[in-house]
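Descriptive analysis of the structure
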Amino acid sequence: MGMAILVNENTKVLVQGITGREGSRHTQYMLQYGTKVVAGVTPGKGGQTVHGVPVFDTVEEALRKFPPDINTSIIFVPAQFAADSVYEAIDAGIKLIVIITEHIPIHDALKFVNYAKRKGVTIIGPNCPGVVSPLRSKVGILPNHIYTKSGPVGIVSRSGTLTYEISYHLTQAGIGQSTVVGIGGDPIIGTDMLEVVKMFEEDPETKYIVVIGEIGGTMEERLAQYIGSGKVTKPVVAYISGRTAPPGKRMGGHAGAIVSMGMGGSYESKVKAFQEVNVPVAKTPTEVVKLIKQYIR
Amino acid sequence: MRLLEYKGKELLNKYGVKIPRGGAIVRSLDDIDILNTLKFPLFAKAQVPFAGRAKMGLVRRVDTIKDAENAARDYLGKVIQDYPIRKVLFEEGGVNVAKELYVSITLDRENRGGYLMLASTEGGIDIEEVARRSPEKIIRLYIDDYEGLRDYMIRGVAQKLGLEGSAAQDFVTVAKAMYRVFTEYDAELVEINPLALTTDGQLVALDVKVMIDDNSLYRHPDISVEDSDYTTEELEARKYGLHYVELTGYVGGIMANGAGLTMATMDLVKEFGHEPADFLDVGGGASKDSVREGLKMLLTDDRIKAVLINIFGGITRCDEVARGSC
């Protein structure tokens, strides 16, 4: 078995917000997938269990009861209280935090993302579907039935459902994935595409990289620049959504998907950036599979 | 969401930014009498959330109360780019402009930390235009979110803008007020363009653009979506947890789950030769009720000739969507 990135069979998970509707449901799905969910936290609900997982009032208490097992936290806490949970996890010493919660105020996210950076903590999200290394571990809400085959393709994406769609087509074509990372659709996120691509480059199991971007921000342009410097040896294939999105409008739940301020971020700018460094850009989601196949044959 | 000009000015003025005198808001013709206390001529500015108003005839000089009433009658209720004009701002003239500047504060997305102040001596035109034509004329100041915006940093920017004496001091006041609005109101953008330097050395905000993070509205009771760029349809969609953006197309009412998949579906419609008419994201785990409301919006839209539903059955239950669709 290879290595994959971020999550693997050694991942032991704490679920913050475990007693809520989403937290409880996805705890069950993660357990069904085989993820080692060790404990949960909901203030005031300590002593209960959720799908057999013990619940504690604080992160510190959960960690004390399971030393030194817990190394990852997943957060389902509602937006108004989510920032507090992130600080609690960071201060308790957890080194990987996956934030599923959407609608967290951007200014809150900016502050905890910087705090995490200073503390050497990796944050995935907010507003993301999480991370899965197929057949090993899933820390997220990605549907179990899509991730049935491990293999050579690493996926990094700003989207949820679009990622499932592309993953599904890859698996249908017999191409498994090493790790799939949904980095989130907000303007400020903990880990960006470039950082994930660097991890894939280091990961011996990952042979090919799929980048699923969208309009807004300059993450794709900066990634392209890095690829252009020759530091990524593995083939990269991209797909960008939002070609038909009007400028200046926020596209639904992805607050980051907005083209404004003359700071780049348009569909054309991203496609051009990738093409200039010989990264093929698929015109449709299913074309990603075709492009990856050209490298694999 | 983008606030209407008058609301943005109100917030900035609260913290010390000078704005043109007058500043009366007319919501209906019954409000016209409040203009009697102002000094004519006035400028009538239809409150719409997009640039280029002057070219569209939505800014007009009025010399008498009768003129003002006519302007209000022309503007109120008119629908421009799907946006219904709900308010007209009346301001006094008499700002003698010597120079138009640009200044804004935004989130520094590139570095995922802190904020970014942009300033330029090329005010009065779109900053994207300046970025294209003469990028060297854009002054960039990175602001650490812990350190905050300090006076010396602002003085540095003022110097680069060529401001001297009391104008330089005024600029410190302006920048600090912008920073307060930006941080206290969870703004994604606070922009003054143009910031007029008057012939007597004062700084006056002639037009402003403030964008507030929708996610933070629960902690800003004084900010109303009525003062935003949401169209009537978009406000309606919000009530049901739907994300709706109207597009210019004619075909394919698009409903999907997740912003990425919805955009990809729009793009596919375009790829195969048609123009998408909307972006309607029902989100993850949509209920049959929200699906029904979304579908209703699309079916009652005369422009839309066909509806395309694309749901990925992950978290969202396809049977629930099907139930909402019949």
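All figures in this text were calculated on a predicted structure; none of them were measured in a lab.

1. What to know about the sheet that holds strand 6 (residues 88-92) of chain B
All names here are of chain B. Taken in spatial order, the four strands line up as 1-6-2-3 in an open sheet, and their pairing is antiparallel. Looking at the sheet topology across the chains shown, the edges are occupied by strand 1 (22-26) and strand 3 (59-62). Looking at each pair of strands side by side, their axes are set apart by 25 degrees on average, direction ignored. Judged from the four bridges that link them, strand 1 and strand 6 form a sheet pairing that is antiparallel. Counterpart to isoleucine 25 in the pairing with strand 6 is leucine 89. Sheet strands in contact with helix 1 (residues 5-14) are strand 1, strand 2 (42-46) and strand 6, and its direction is about 50 degrees off that of strand 6. Here helix 2 (residues 65-75) sits on the sheet in contact with strand 1, strand 2, strand 3 and strand 6, set at roughly 160 degrees to strand 3.

2. Focus on the interface of chain A and chain B
Counting residues at the interface gives 64 residues for chain A and 57 residues for chain B. Overall, the association of chain A and chain B removes approximately 4900 Å² of surface from exposure, summing both partners, and the carbon and sulfur fraction of that is 58%. Residues glutamate 271 of chain B and arginine 243 of chain A are paired through a salt bridge, measuring 2.8 Å at the closest nitrogen-oxygen approach. Connecting chain A to chain B are 12 residue pairs in polar contact (both at pLDDT 80 or more).

3. A short note on empty space enclosed by the protein
Summary: where empty space remains is shown by rolling a probe the size of a single water molecule over the atoms. For the structure on display, the rule yields one cavity of 30 Å³ or more. The space that makes up the largest cavity amounts to roughly 90 Å³. Lining the largest cavity are 13 residues, with Pro187, Gly217, Met219 and Arg222 of chain A together with Arg109 of chain B positioned closest to its centre. Residues of the lining of the largest cavity, tallied by class, amount to three nonpolar, three polar and seven charged.

4. Thoughts on the state of the cysteines
Residue and element names in this part refer to chain B. The full count for this structure, using the stated rule, is zero disulfides over all chains. Of all cysteine sulfurs, the one in cysteine 326 lies closest to cysteine 318, which takes part in no disulfide; the gap is 14 Å. You can call cysteine 318 partly exposed: its relative accessible area is 41%.

5. Overview of the domain arrangement of chain B
Domains assigned within chain B are domain 1 (21-92), domain 2 (97-219) and domain 3 (231-324). Taken over C-alpha atoms, the centre of domain 2 of chain B sits 37 Å from the centre of domain 3 of chain B.

6. Focus on the domain arrangement of chain A
Residues and elements named next belong to chain A. By domain assignment, chain A separates into domain 1 (12-124) and domain 2 (130-296). Spacing between the C-alpha centres of domain 1 and domain 2 amounts to 25 Å. Each partner contributes to the interface: domain 1 provides 21 residues, whereas domain 2 provides 23 residues. Summing both sides of the interface, domain 1 and domain 2 together bury roughly 1700 Å²; the carbon and sulfur share of this comes to 69%. Three residues, Tyr33, Ile106 and Ile124, lead the burial of domain 1 against domain 2; their summed loss comes to 39% of the area buried on that side.

7. Some thoughts on unusual backbone geometry
When glycine is set aside, most residues are seen to have a negative phi, and most peptide bonds are trans. Geometrically, the link from glycine 125 of chain A to proline 126 of chain A is a cis peptide bond, its omega value of 5 degrees lying close to zero. Of note, the bond from asparagine 193 of chain B into proline 194 of chain B is cis; its omega dihedral lies within 30 degrees of zero at 5 degrees. Assignment of secondary structure puts proline 194 of chain B in strand 10 (residues 187-198). Even without glycine at this site, histidine 51 of chain A takes up a positive phi of about 50 degrees. Looking at the secondary structure, you find histidine 51 of chain A in the loop between strand 3 (49-50) and strand 4 (53-56). Classification of histidine 51 of chain A as partly exposed rests on a relative accessible area of 39%. In this model, histidine 103 of chain A sits at a positive phi of 70 degrees, which is unusual for a non-glycine residue. Its relative accessible area of 34% is what places histidine 103 of chain A among the partly exposed residues.

8. Things to note about helix 6 (residues 193-202) of chain A
In an α-helix, one turn spans 3.6 residues, which is why side chains three or four residues apart end up on the same side. All names here are of chain A. For helix 6, the full list of buried residues reads Met193, Leu194, Val196, Val197, Phe200 and Glu201. For helix 6, the arc enclosing every buried residue in end-on projection is 160 degrees, short of the 170-degree limit, so these residues lie on one face. At its buried positions, helix 6 is contacted by strand 10 (150-157), strand 11 (177-182), strand 12 (208-214) and helix 7 (219-228). The opening residue of helix 6, the one whose side-chain oxygen lies 3.2 Å from the backbone nitrogen of leucine 194, is aspartate 192.

What counts and how
- Residues numbered from 1 in each chain as written.
- Chains lettered and ligands numbered in written order.
- Predicted model: local features only at pLDDT ≥ 70, side-chain atom pairs only at ≥ 80, totals over all residues.
- Heavy atoms only, no water.
- Pairing = 2+ DSSP bridges.
- Helix = DSSP H or I, 4+ residues; strand = E, 2+ residues; numbered from the N terminus.
- Axes fitted to C-alpha atoms, helices over the stretch in contact; angles between N-to-C directions.
- Contact = heavy atoms within 4.5 Å.
- Buried area = accessible area lost by both parts, 1.4 Å probe.
- Salt bridge = Lys/Arg side-chain N within 4 Å of Asp/Glu carboxyl O.
- Polar contact = N/O pair within 3.5 Å; in protein donor to acceptor, adjacent residues only side chain to side chain.
- 1 Å grid on protein atoms, 1.4 Å probe; cavity = no way out; pocket = protein on both sides within 12 Å on 5 of 7 lines; lining within 4 Å.
- Points joined across faces, edges and corners; volume = space filled by probe spheres on them.
- Nonpolar A, V, L, I, M, F, W, Y, C, P; charged D, E, K, R; others polar.
- Disulfide = S-S within 2.5 Å.
- Buried < 20%, exposed > 50% of the residue type's maximum accessible area, 1.4 Å probe, protein only.
- Domains from an automatic or database assignment.
- Arc of directions from axis to C-beta.

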